[in-house]
Amino acid sequence: MRIDIVTIFPEYFGPLGVSLIGKAAERGEITFAVHDLRHWTHDVHHTVDDAPFGGGPGMVMKPEPWGEALDAVVEQGVRRAAGQGQSPAAGQVQAEAVGRGQPPLLVIPTPSGVPFTQRRAVAYAAEPWLIFACGRYEGIDARVADDARSRLRVDEVSIGDYVLAGGEPAVLVMTEAVCRLLPGVLGNVASVADDSFGAGGGPMAGLVEGPSFTRPRLWRNLEVPPVLLSGDHGAIARWRRDEALKRTARNRPDLIRKLAPAQPDVAGVSRDTPRSPLNDHDRSVLSEAGFPVTGEDVAH
Ligand code: SAM
């Protein structure tokens, strides 16, 4: 996978060289290229912002440097894919996609975008080439995304219902979530399948993961739940699902509401999380924990 990032703060992306993702980049499985937007300005002050049309507070990022930057990054990528300066694995995947005529996916972080979810991370992990455009100030002139849509696929994506000062931390969050899903990046592939949200349809589909424990068995007078020491894999799996249900109901009741009722489908319920229908045992676990779930609850 190749990831191009355009920003006015290239130094923000030092952490991409650290830990599992840094190692995957060293092995050539991911190629990161960070570009300074100011490189595509033409005035002495390298201006990237201007006052908003229509008035109002703050500044807006100008379209011209963004247009030139994205044109250049795409053009360089296509040329590179045609054979110059490839890093082994990442470059080959990108080259094949370009060869098939598949344009890169441009991701523009913005609080007004569609939510970034585990499901979206899985979809992005299958992309050979992502370009991230980091906004600052009040964001990027809207025509930049409209213009890019004429030749690229464009997603405007939010990492949560809060407002950051810039797109850089959002891009770090998304690249980490995406890159850890790439083959060979995590030491233990099974941990992805068991993760919260279970975007791949694992046992946690639609749920957050329950608690985890390690040695020692007794710590500060707190014991590890005995079932985890029983060696009974069926009982352990059931316990893990029960705990996941309880924790999800407590911390994320919105996810419980999205789970399909056992029989009828519910119109209007978000399909962003894969379905994991609640069976009678699940319902009784939730009910005992004080979270009764009926078809009616799910509908609201
Ligand atoms: N005026 C914008 C609004 O209210 O929607 C907020 C702009 S914010 C101060 C500046 C930049 O930070 C955005 O262009 C975007 O790149 C980034 N940003 C802020 N919050 C974000 C979020 N929740 N998700 C993704 N990017 C975000």
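See the structure shown above.
None of the values given here were measured: they were computed from a predicted structure.

This part is about the packing of helix H8 (residues 233-251) against helix H10 (residues 280-288). At their nearest, the axes of H8 and H10 sit 9 Å apart, and the two run at 50° to each other. With respect to H10, the element H8 is oriented oblique. H8 and H10 meet at a crossing whose hand is right-handed. The segment H8 lies against H10, with Arg238, Arg241, Asp242, Leu245, Lys246 and Ala249 engaging His281, Asp282, Val285 and Leu286. The residue inventory of the contact of H8 with H10, partitioned by class, reads four nonpolar, one polar and five charged.

Our next topic: the pairing of strand E6 (residues 129-133). For a regular strand, side chains alternate in direction, first toward one face of the sheet and then toward the other. Most of E6 sits out of view: five of its five residues are buried. Pairing of strand E1 (residues 2-7) with E6, which is carried by five bridges, proceeds in the parallel orientation. Bridged to Arg2 within E6 is Trp129.

For the rest of this paragraph, the subject is the environment of Ala205. Mapped onto the fold, Ala205 is located in the loop between helix H7 (190-193) and strand E8 (218-219). Ala205 gets classed as buried once you look at its relative accessible area, which sits at 4%. Spatially, the C-alpha atom of Ala205 lies 9.3 Å from that of Ala193, the residues being twelve residues apart in sequence.

Taken in spatial order, the five strands of this open sheet run E2-E1-E6-E5-E7, and their pairing is parallel. Bordering the open sheet on either side are strand E2 (31-36) and strand E7 (153-158), each of which pairs with just one other strand. Neighbour-to-neighbour, the strand axes of the sheet open up by a mean angle of 30°, direction not taken into account. In this fold helix H6 (residues 167-179) packs onto E1, E2, strand E5 (105-115), E6 and E7, with an angle of close to 115° to the strand it touches most, E5.

With that out of the way, let us pick up the nonpolar core. Among the nonpolar cores identified, the biggest contains 29 residues, and Ile3, Ile30 and Phe116 are the most heavily contacted of them. Listing elements by their share of this core, those giving two or more residues are E1, helix H1 (19-26), E5, helix H4 (118-125), E6 and H6. Here Ile3 is in contact with Ile30, Thr31, Phe32, Ala33, Leu130, Phe132, Thr175 and Cys179, once residues within four sequence places are set aside.

Definitions and limits used
Residues numbered from 1 in each chain as written. Predicted model: local features only at pLDDT ≥ 70, side-chain atom pairs only at ≥ 80, totals over all residues. Heavy atoms only, no water. Axes fitted to C-alpha atoms, helices over the stretch in contact; angles between N-to-C directions. Helix = DSSP H or I, 4+ residues; strand = E, 2+ residues; numbered from the N terminus. Parallel < 35°, antiparallel > 145°, perpendicular 65-115°, else oblique. Left-handed = near helix turned anticlockwise from the far one by under 90°. Contact = heavy atoms within 4.5 Å. Nonpolar A, V, L, I, M, F, W, Y, C, P; charged D, E, K, R; others polar. Buried < 20%, exposed > 50% of the residue type's maximum accessible area, 1.4 Å probe, protein only. Pairing = 2+ DSSP bridges. Core = buried A, V, L, I, M, F, W, Y, C linked by side-chain atoms within 4.5 Å.

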